[in-house]
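# Breakdown of the fold
Residue strings, one per chain:
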Amino acid sequence: MTGFLPSFRGELRDLARSPLTWIAAAATATAAWTLGTHAPIKDNGYVVYQSALQAAALTASFFLLGIAATTVAGERTRGTVRWLLPRPVTRAGFVAGKAAALALLAVTLLVVAVGVAWSVSKQHGFGDVKAEAVESDGMGFEYLEEEVVPPVFQASTMRRRALYATLLVLPSLLTATGLGLLVSSLLASAAGAVITALALAIPLTFLPEVLGLSEKAALMLPFSAADAFLHQVGEFGRRLATAEWPDYGAGPLAGAILGAIGLPVLGALVFSRLDLTD
């Protein structure tokens, strides 16, 4: 793909100079810190970590969506695409370079999110969790009777689960980035691309409920997978005896990776066949 490196370096330079990039990093950190410090239960770090990272991931996703939506469309708005593409730069390489730079931004925002989430949760500890309650009607918790032997969730197991849930956040962020890049490749207006991407992202958040998907099928969607597994970490942290770690094999991870890689590739294919004479 000729032109990948020039496109990658140029996009990195633009991202580093853009105030929106730094605002995204600050907003991600602020979301993690705010929700982490206001977690409902603070007698262990798992609930705090879940609250902080979920908030940060959602914030980062929308910023990545908006930033990605302005990349290719922004070049077309400024007219620089016509100047770039007659040079030895293929369209696929042009889009791939931008996708790689945006992926690096997604990784950076995840590092920021995890770093802040860890810093606000580590003081509460990541040890064994002894179950004390079962969830009731949503208005509160019913506590176990004295004669019931509560299960103990081992710290090593809990940490592995928290790590797995954290890893699923990255494909979720990359999927948001890929969606923005796909829309950006289709539209000639940067403003129109941002509005369209946001208009698509909000319904996609509720897609499992709209389509009536089973829990297993819903976890094939990157957004749903990351959110569900992080939520489950919080359920264990809330000391619920009824909490169970879902066993869906490699499905959620496979679906997340497919979404993360597939959307940018589709964007490159679409852009390579567009008529840019407008």
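Heads up: these notes are all about the structure in this document.

Parameters and conventions
- Residue positions are counted from 1 within each chain, in the order its sequence is given.
- This being a predicted model, a pLDDT of at least 70 is required before a residue's local features are given, and a value of 80 or more before pairs of side-chain atoms are given or counted; all residues contribute to the totals for chains, interfaces and linings.
- As a convention, hydrogens and water are excluded, and side-chain values are obtained from all of the structure's heavy atoms.
- Only DSSP runs of H or I reaching four residues or more are called helices, and only runs of E reaching two or more are called strands; each is numbered from the N terminus.
- Exposure classes here rest on a 1.4 Å probe applied to the protein chains alone. A residue is buried below 20% of its type maximum, exposed above 50%, and partly exposed in between.
- Contacts: residue pairs with any heavy atoms within 4.5 Å of one another.
- Throughout, the Shrake-Rupley method with a 1.4 Å probe supplies accessible areas, and for residues the shown protein chains are the sole cover considered.
- Take the buried Ala, Val, Leu, Ile, Met, Phe, Trp, Tyr and Cys residues and link them wherever side-chain atoms come within 4.5 Å; each set so joined is a nonpolar core.
- Simply put, an axis is a line fit to the C-alpha atoms, just over the touching stretch for a helix, and the angle between two N-to-C directions goes from 0 to 180 degrees.
- Small angles under 35 degrees read as roughly parallel and large ones over 145 as roughly antiparallel, with 65 to 115 read as roughly perpendicular and the rest as oblique.
- Left-handed describes a crossing whose near helix is turned anticlockwise from the far helix by less than a right angle; the clockwise case is right-handed.
- In this classification, the charged set is Asp, Glu, Lys and Arg, the nonpolar set is Ala, Val, Leu, Ile, Met, Phe, Trp, Tyr, Cys and Pro, and all remaining amino acids, among them Gly, are polar.
- Think of a salt bridge as a Lys or Arg side-chain nitrogen and an Asp or Glu carboxyl oxygen that are within 4 Å of each other.
- Here is the rule: rings of Phe, Tyr and Trp (six-membered ring for Trp) pair when centre to centre is within 6.5 Å. Planes less than 30 degrees apart are stacked, more than 60 are edge-to-face, and the remainder are tilted.
- A ring has a charge above it when a Lys NZ or an Arg CZ is no more than 6 Å from the ring centre and no more than 35 degrees off the ring normal.
- Under this definition, polar contacts are N or O atom pairs within 3.5 Å; protein pairs additionally need one hydrogen-donor-capable and one acceptor-capable atom, and for neighbouring residues in sequence, both atoms have to be side-chain atoms.
- Candidate patch residues must exceed 30% relative accessible area and have no salt bridge, after which like charges are joined if within 9 Å and Val, Leu, Ile, Met, Phe, Trp or Tyr side chains if within 5 Å.

## What about the overall build of the chain?
- Along the backbone of the chain there are 12 helices and four strands.
- Counting all 278 residues of the chain, 45% fall into the buried class.
- Relative to all contacts within the chain whose residues are 6 or more apart in sequence, the contacts with residues 24 or more apart total 79%.
- Accessible area for the chain stands at about 13,600 Å²; split by element, carbon and sulfur atoms hold 66% of it.

## Topic: the nonpolar core
- Ranked by internal contacts, the top residues of the largest apolar core, which has 50 residues, are Tyr46, Leu53, Leu109, Val169 and Leu173.
- Secondary structure elements with two or more residues in this core: α2 (19-37), α3 (45-69), α6 (91-121), α7 (155-186) and α11 (222-237).
- A total of 13 residues in this core trace back to one element, the largest contributor, which is α6.
- Contacts of valine 169, omitting those with residues within four sequence positions, involve Leu53, Ala57, Leu110, Ala226 and Leu230.

## Here we look at the packing of α3 against α7
- Here α3 crosses α7 at 15 degrees, and the two axes come no closer than 7 Å. Relative to α7, the element α3 is oriented roughly parallel. The handedness of the crossing between α3 and α7 is right-handed.
- Residues of the contact of α3 with α7, tallied by class, amount to 17 nonpolar, five polar and one charged.

## Here's the deal with the pattern of salt bridges
- Enumeration according to the criterion identifies two salt bridges in this entry.
- Note that lysine 98 is salt-bridged to glutamate 11, the shortest N-O span being 2.7 Å. Note that lysine 98 is positioned in helix α6 and glutamate 11 in helix α1 (residues 4-17), a separation of 87 residues in sequence.
- Judged by relative accessible area, which is 2%, lysine 98 ranks as buried.
- Between glutamate 235 and arginine 238 there is a salt bridge, with the nearest N and O atoms lying 3.7 Å from each other.

## Quick look at the packing of aromatic side chains
- Per the counting criterion, the structure on display carries four aromatic pairs.
- Relative to phenylalanine 126, the ring of tyrosine 49 lies with its centre 6.5 Å away and its plane at 80 degrees, an arrangement referred to as edge-to-face. Taken as a pair, tyrosine 49 in helix α3 and phenylalanine 126 in the loop between α6 and β1 (129-130) lie far apart in primary sequence, 77 residues in all.
- Among the aromatic residues, ring-to-ring pairing joins Tyr46, Tyr49, Trp118 and Phe126 into one connected group.
- The aromatic ring of phenylalanine 236 is capped on one face by arginine 161, whose charged end is 4.6 Å from the ring centroid.

## Describing unusual backbone geometry
- Positive phi is not limited to glycine here, since arginine 239 has a value of about 65 degrees.
- Here arginine 239 is to be found in the loop between α11 and α12 (251-272).

## Description of the side chain of glutamine 54
- In this structure, glutamine 54 sits in helix α3.
- Judged by its relative accessible area of 18%, glutamine 54 falls in the buried class.
- Of the polar contacts made by the side chain of glutamine 54, one reaches the side chain of glutamine 50; its length is 2.8 Å.
- Residues contacting glutamine 54, with those up to four places away along its chain left out, are Asp227, Leu230 and His231.

## Brief notes about the environment of alanine 188
- Structurally, alanine 188 is set in the loop between α7 and α8 (190-205).
- A relative accessible area of 32% means that alanine 188 is categorised as partly exposed.
- C-alpha separation for the pair alanine 188 and valine 72, spaced 116 residues apart in sequence, amounts to 8.2 Å.

## A word on a nonpolar patch on the surface
- Nonpolar side chains collect at one region of the surface, where Leu58, Phe62, Leu198 and Ile202 lie side by side and expose about 330 Å² of accessible area between them.
- Elements that contribute at least two residues to the nonpolar patch include exactly α3 and α8.
- Mapped onto the elements, isoleucine 202 comes out in helix α8.
- On the basis of relative accessible area, isoleucine 202 is assigned to the partly exposed category, the value being 47%.

## A short note on the environment of threonine 59
- Position of threonine 59 among the secondary structure elements: in helix α3.
- Excluding its chain neighbours within four sequence positions, the residues that come into contact with threonine 59 are Ala27, Thr28 and Ala31.

## Quick notes on the packing of α3 against α6
- At a minimum axis separation of 9 Å, α3 and α6 run at an interaxial angle of 155 degrees. By the angle between their axes, α3 is roughly antiparallel relative to α6. Note that α3 runs across α6; the crossing there is right-handed. Where α3 approaches α6, its residues Gly45, Val48, Tyr49, Ala52, Leu53, Ala56, Ala60, Leu64, Ile67 and Ala68 are matched on the opposing element by Leu102, Leu105, Ala106, Leu109, Ala113, Val114, Ala117, Trp118, Val120 and Ser121.
- Residue composition of the contact of α3 with α6, by class: 18 nonpolar, two polar and no charged.

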